[in-house]
Amino acid sequence: MRRGPLGWLAAMAVWLLFGAVLIILLAPLVVVVGGSFSAPPTGGLIISYVEFPPRAWTIDWYRRIPPAEFHALALSIALGAAAAAGACLIGIPAALGVVRGRFPGKSVVAAVMRAPLQIPAVVTGIAFLELFYRVGDWTGVELQGSFAGLAVAHVFLATPFVFAAVGATLQKFNPRLEEAALTLGASRWRSFRRVTLPLIMPGVYAGALYAFIVSFIDVPVSLFLSEPGLVPYPVELFYAMENEFNPSILASATLVIVFSFILLLIMQRLVGLERLLRSDS
């Protein structure tokens, strides 16, 4: 099929718009990665700005990454995994109950599950800090400044994403498949495990990935609940940029970019990113 002049102009305009959006999205990453390879100044001077493009290329800034940032990165990865797991344990049953259940107040339950998205993160951090102080006064268990306390707060932030992703998948799920399994003699648990769960797994994977990302990038809530020795990676970068900025922060951020890219490749290999975008698969 041949295109007319207007068709070619429209296609060119679409490609130009796509290229402009891509450049806007990727340009900051290019600056971060490029700046991380800039040569440090001689004479023991401390550089406090980004040099891009670098006049000389080196990996010296990668050697100067503070050990505290590696510790914070490991903590954030563990915290994100815990938040994703906890959000799935709460979000999947909640989505099943709201989508399939018939009980009064179902809309209220759905609104409560989505409530963390409507609350400012700073308010959430203050609320959890006050709650943990009260729990400590009542029980003697100090949750503020602990991994458990951070995990509980991050599960609160991440659960709505699992709930929404799984709920959207269940909306397009054909219940006759479950009915067929029950008719053939499968128990409800076996029917869920062998029929329902595999078909809603794209929603589960998408929700868990969103939950991990939300936990990994959180600053406001973690800022209130962390303490020295237990600081998540984004908060550690926040402190570093506030106190003494140098390109070792860019080197550390570049490692996170590489880690994120590897994570996406693993998800593509195991699941297929196109399946995460199709809730009816």
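Residues numbered from 1 in each chain as written. Predicted model: local features only at pLDDT ≥ 70, side-chain atom pairs only at ≥ 80, totals over all residues. Heavy atoms only, no water.

## A few points about the overall build of the protein
Thinking step 1. The secondary structure content of the protein amounts to twelve helices and zero strands.
Thinking step 2. Going through the 281 residues of the protein one by one, you find that 40% of them count as buried.
Thinking step 3. Restricting the contact set of the protein to residue pairs at least 6 apart, pairs at least 24 apart contribute 70%.
Thinking step 4. By element, 70% of the accessible surface of the protein is carried by carbon and sulfur atoms, the whole surface being about 16800 Å². (Helix = DSSP H or I, 4+ residues; strand = E, 2+ residues; numbered from the N terminus. Buried < 20%, exposed > 50% of the residue type's maximum accessible area, 1.4 Å probe, protein only. Contact = heavy atoms within 4.5 Å. Areas by Shrake-Rupley, 256 points an atom, 1.4 Å probe, with all protein chains shown as cover.)

## Points about the pattern of salt bridges
Thinking step 1. Scanning all chains against the criterion turns up two salt bridges.
Thinking step 2. For Arg63, the salt bridge identified is with Asp60, shortest N-O distance 2.5 Å. Note that Arg63 and Asp60 are positioned in helix α2 (residues 60–63) at a spacing of three residues, about one turn of the helix.
Thinking step 3. Judged by its relative accessible area of 60%, Arg63 falls in the exposed class. (Salt bridge = Lys/Arg side-chain N within 4 Å of Asp/Glu carboxyl O.)

## Quick notes on the packing of helix α5 (residues 121–139) against helix α6 (residues 147–171)
Two quantities define a packed helix pair, namely the angle between the helix axes and the distance between the axes.
Thinking step 1. Viewed as axis vectors pointing N to C, α5 and α6 meet at an angle of 140°, and their least axial separation amounts to 11 Å. Regarding the angle of α5 to α6, the classification is oblique. For the pair α5 and α6, the sense of crossing is right-handed. Residue-level inspection shows Thr124, Phe128 and Phe132 of α5 in contact with α6, the latter providing Gly149, Val152, Ala153, Phe156 and Leu157.
Thinking step 2. Here the contact of α5 with α6 is built from residues that sort into six nonpolar, two polar and no charged. (Axes fitted to C-alpha atoms, helices over the stretch in contact; angles between N-to-C directions. Parallel < 35°, antiparallel > 145°, perpendicular 65-115°, else oblique. Left-handed = near helix turned anticlockwise from the far one by under 90°. Nonpolar A, V, L, I, M, F, W, Y, C, P; charged D, E, K, R; others polar.)

## Considering the packing of aromatic side chains
Thinking step 1. Applying the stated criterion across every chain, the model contains nine aromatic pairs.
Thinking step 2. Considering the side-chain rings of Phe238 and Tyr239, the 6.0 Å spacing of their centres and the 55° angle between planes classify their relative orientation as tilted.
Thinking step 3. Members of the aromatic cluster, connected to one another through ring pairs, are Phe212, Phe216, Tyr233 and Phe259.
Thinking step 4. Taking NZ or CZ as reference, Arg64 lies 5.0 Å from the ring centre of Trp61, over its face. (Phe/Tyr/Trp six-rings, centres within 6.5 Å; stacked < 30°, edge-to-face > 60°. Lys NZ or Arg CZ within 6 Å of the ring centre and 35° of its normal.)

Treat this as a map of the structure, not an account of what it does.
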